[in-house]
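Spelled out from the first residue to the last, the chains are:
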Amino acid sequence: MTAGRIRKWLRPAVADMAAYKVADASGMVKLDAMENPYGLPLELRAAWADRLQQISVNRYPDPAATDLKRALREQLDLPTESGLILGNGSDEIIQMLAIALGGEDRAMMSLEPAFVMYQLIARMNGLRYISTDLQQDDFSIDLPATLKVIEAQQPAVVFVANPNNPTGNIHELDVLRKLAEAVPGLLVVDEAYEPFTDMTALPLLAEYEHVMVMRTVSKMGLAGLRLGYLLGHNAWIDQLEKVRLPYNINVLSQHATTFALEHLDIFEEQAMRIRADRQKVFAALQAMPALQVWHSEANFILFRAPQGQGTVLYEQLKQHRVLIKSLSGGHPYLEDCLRVTIGSGEENQQFLETLQHLLH
Ligand SMILES: *Cc1c(COP(=O)(O)O)cnc(C)c1O
């Protein structure tokens with residue numbers, strides 16, 4: 001009975017989907033989700049609790065999130081013609097873009113291997129998902145091939161994560177400019193990993209009214225708050241505001257993020273520590289002759305296990321209570337590839353020692 005009703009009424013696009021799975025991490029050294037390992041320093045916690053105590057949870061949040069947006073504008077030094085819109089994580093912003101620019105004949109595009117949410121959100125919202133491959137050796141953009149697909153398919157939105165997840169590399173501004181020149185709709189540069197690189201596409205906002213930059217507080221150390229934001233020309237932001245649900249950013253996230261931005265130096269210092277540790281983990285992985293390792297500008301490193309060993313190594317690490325991410329079975333360029341998040345010094349050490357032990 002139920003199965004029959006579901007078959008009759010569930011949208012086929014949803015029926016065809018698999019739910020997004022998150023691995024159980026209880027009791028694990030958790031290096032699978034690009035979380036910051038440090039958390040809020042003890043000396044800040046009292047002030048943080050104090051601030052949250054003043055919140056009226058019986059009232060709806062400020063629908064415009066005025067204080068938080070002001071704090072973000074100041075931090076970013078945004079020009080007046082640029083606006084910003086907030087999402088319950090950048091995932092929700094991708095969804096707002098899908099709703100605002102969607103339709104059966106509309107396509108969302110990204111460059112593979114890519115962040116899986118672009119494809120998932122496109123499909124669940126009834127858009128076509130299209131992609132071109134990055135170059136197999138170094139995951140740089142294959143411009144001629146990419147421009148050809150853009151020309152032929154006329155995507156409504158093109159997403160480029162910079163640094164890219166799951167590969168960790170960056171694309172230079174000149175390449176992004178060439179994409180911007182060709183994209184008929186919007187080009188969204190996803191800077192989720194901005195805390196861990198010097199690269200930013202913010203200068204492009206002044207050059208192109210159809211280029212937007214998306215960021216999040218998730219990777220800088222506030223993944224639990226669910227706050228993402230999109231920067232772009234006010235003319236576009238005003239339209240996107242129409243599809244944002246009025247109270248999408250809850251009152252706790254608004255106040256907690258505003259408070260965190262007042263102490264940005266602490267998060268910046270943590271990011272610097274993670275960048276330094278990334279170099280140590282990179283060197284240690286590179287010293288293991290069985291592995292192929294890619295440079296990363298993000299808080300994770302992509303590496304390849306010997307042929308046919310990727311998922312085995314992942315499972316063995318898990319048995320030793322170290323959880324990373326296995327990428328086999330996704331994009332063909334990532335067979336036997338694994339992605340490890342940079343954790344605390346101790347966590348990285350535990351991961352490296354276990355890996356070393358398993359490879360012997
Ligand atoms: C982690 C990540 C995000 C963050 O999404 P949130 O919903 O803000 O947590 C966005 N884009 C990419 C490429 C990511 O890897």
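Here the structure is shown first, and the text comes after it.
Residues numbered from 1 in each chain as written. Predicted model: local features only at pLDDT ≥ 70, side-chain atom pairs only at ≥ 80, totals over all residues. Heavy atoms only, no water.

**Section: the site of the ligand**
For step 1, the next point in the chain: In the vicinity of the ligand there are 14 residues, among which Ser90, Asp190, Tyr193, Ser218 and Lys219 approach most closely.
For step 2, the next point in the chain: Within the side chain of Asn165, a nitrogen or oxygen atom sits 2.8 Å from an oxygen atom of the ligand.
For step 3, the next point in the chain: When residues of the shell around the ligand are traced back to their parent elements, those giving at least two are helix H5 (90–101) and helix H10 (218–222).
For step 4, the next point in the chain: Residue composition of the shell around the ligand, by class: 5 nonpolar, 5 polar and 4 charged. (Near = heavy atom within 4 Å. Polar contact = N/O pair within 3.5 Å; in protein donor to acceptor, adjacent residues only side chain to side chain. Helix = DSSP H or I, 4+ residues; strand = E, 2+ residues; numbered from the N terminus. Nonpolar A, V, L, I, M, F, W, Y, C, P; charged D, E, K, R; others polar.)

**Details of the packing of H5 against helix H6 (residues 116–124)**
Geometrically, a packed helix pair is captured by the angle between its two axes and the distance between the axes.
For step 1, the next point in the chain: As a packed pair, H5 and H6 sit with axes 9 Å apart at the nearest point and diverge in direction by 40 degrees. With respect to each other, H5 and H6 are oriented oblique. Relative to H6, H5 is oriented so that their crossing is right-handed. Counting all contacts with H5, which are made through Asp91, Ile94, Gln95 and Ala98, the residues of H6 involved are Met117, Tyr118, Ile121 and Met124.
For step 2, the next point in the chain: Among the residues making up the contact of H5 with H6, the classes are represented as 6 nonpolar, 1 polar and 1 charged. (Axes fitted to C-alpha atoms, helices over the stretch in contact; angles between N-to-C directions. Parallel < 35°, antiparallel > 145°, perpendicular 65-115°, else oblique. Left-handed = near helix turned anticlockwise from the far one by under 90°. Contact = heavy atoms within 4.5 Å.)

**Re the pattern of salt bridges**
Where side chains of opposite charge bring their charged atoms close, a pairing between them can arise.
For step 1, the next point in the chain: This structure, assessed with the given rule, holds 13 salt bridges.
For step 2, the next point in the chain: With a closest N to O distance of 2.9 Å, Glu191 and Arg215 form a salt bridge. Of this pair, Glu191 sits in the loop between strand S6 (186–190) and helix H9 (202–207) while Arg215 sits in strand S7 (residues 211–216); the two residues are 24 residues apart in sequence, bridging distant segments of the chain. Grouping residues by exposure puts Glu191 and Arg215 together as buried.
For step 3, the next point in the chain: Put simply, Asp198 and Arg275 hold a salt bridge, and the shortest N to O gap is 3.2 Å. Linking Asp198 in the loop between S6 and H9 with Arg275 in helix H13 (residues 264–286), this pair joins segments that are 77 residues apart in sequence.
For step 4, the next point in the chain: Ionic contacts of the salt-bridge type, sharing partners, join the residues Lys30, Asp32 and Glu35 into one network. (Salt bridge = Lys/Arg side-chain N within 4 Å of Asp/Glu carboxyl O. Buried < 20%, exposed > 50% of the residue type's maximum accessible area, 1.4 Å probe, protein only.)

**Quick word on the sheet that holds strand S5 (residues 157–161)**
For step 1, the next point in the chain: Ordered by their spatial adjacency, 7 strands build an open sheet running S2-S8-S7-S6-S5-S3-S4, and the pairing between neighbours is mixed. One side of each edge strand has no neighbouring strand; the edge strands of this open sheet are strand S2 (82–87) and strand S4 (128–133). Pairs of neighbouring strands in the sheet enclose a mean axial angle of 25 degrees, with direction left out of account.
For step 2, the next point in the chain: Pairing between strand S3 (residues 107–112) and S5: 3 bridges, direction parallel. The residue bridging Met109 from the neighbouring strand is Val158, located in S5.
For step 3, the next point in the chain: Across the sheet, H5 is in contact with S2, S3, S5, S6, S7 and strand S8 (228–233); its angle to S2 comes to roughly 110 degrees.
For step 4, the next point in the chain: In the packing of H6 onto the sheet, contacts are made with S3, S4, S5 and S6, and the angle to S4 comes to roughly 155 degrees. (Pairing = 2+ DSSP bridges.)

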